[in-house]
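Structural description and commentary
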Amino acid sequence: MTSEVEKVDGGRRHFLLVATAVTGIAGAAMTAVPFLASWKPSARAQALGAPVEQDISKLEPGAVVKVNWRGQAIFIVRRSPEMMKQLEDPALADKLRDPKSEQSEQPEYAKNDARSLKPEYLVLVGVCTHLGCAPLSRFQPADAELGADWPGGFYCPCHGSKFDLAGRVFKDVPAPTNLKVPPYRFVTDGVVQIGVDAEVA
């Protein structure tokens, strides 16, 4: 008789122990989630300039993702091999106002033909340097609206400014300089952080 009571008590004791542990773990998790969420910068802090991160691990070649930083649109483009070939065309430089980005705003590590840390990825402030309009991504060469000689890039419909696939401005358009490149770095191969300069050796 005593052994049956001990078996029942042992089973009940085990059940209560497991139930208490599960409840404690759930309670700790429910407390930790809001605590950890409080570390993330608020929308107001981000608008004032806190760095923002964007996952680009699933960004397809030829696609663009838009992020908001300091109240400005940031374009992150994963350039396809075809887009990279367009940038390597020697005839392209003659059509650009500032092909070497000497009069344009970008970090030192983006002063190259691709205007980027990694040639495959382009990070730009998506604001036209003419009057602050929003350029559209028109990556398809020979676009019907932009003509047979269009190599692909960005087009500002407000006043007709055109930029290549590195954000460099074409000659004979209203925009005076290339699209700006913000400070940025790669946190990992699949995450870009806007607002913090890369440490380049």
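Residues numbered from 1 in each chain as written. Predicted model: local features only at pLDDT ≥ 70, side-chain atom pairs only at ≥ 80, totals over all residues. Heavy atoms only, no water.

Further remarks concern the overall build of the protein chain. When you go through the protein chain residue by residue, the secondary structure sums to three helices and nine strands. Classification of the 201 residues of the protein chain by burial places 37% in the buried group. Looking at the protein chain alone, contacts between residues at least 24 apart form 53% of all its contacts between residues at least 6 apart. In the structure as shown, the protein chain presents an accessible area of about 11,900 Å², 57% of it carried by carbon and sulfur atoms. (Helix = DSSP H or I, 4+ residues; strand = E, 2+ residues; numbered from the N terminus. Buried < 20%, exposed > 50% of the residue type's maximum accessible area, 1.4 Å probe, protein only. Contact = heavy atoms within 4.5 Å. Areas by Shrake-Rupley, 256 points an atom, 1.4 Å probe, with all protein chains shown as cover.)

Turning our eyes to something else, we now look at the environment of Asn-68. Here Asn-68 lies in strand β2 (residues 64–69). For Asn-68, a relative accessible area of 52% corresponds to the exposed category. Those residues in contact with Asn-68, other than ones at most four positions away along the chain, are Val-52 and Ala-73. Within the local environment of Asn-68, its side chain forms a polar contact with the backbone nitrogen of Gln-72, the two atoms lying 3.2 Å apart. (Polar contact = N/O pair within 3.5 Å; in protein donor to acceptor, adjacent residues only side chain to side chain.)

For the rest of this paragraph, the subject is unusual backbone geometry. One non-glycine residue, Ala-142, lies in the positive phi region at around 55°. As for its position among the elements, Ala-142 is in the loop between β5 (136–138) and β6 (153–156). Under the relative-accessibility criterion, Ala-142 is labelled partly exposed at 45%. You will see that Asp-172, though not glycine, has its phi angle at about 60°, which is positive. In this fold, Asp-172 is placed in the loop between β7 (161–163) and β8 (184–188). Classification of Asp-172 by relative accessible area gives exposed; the value is 78%.

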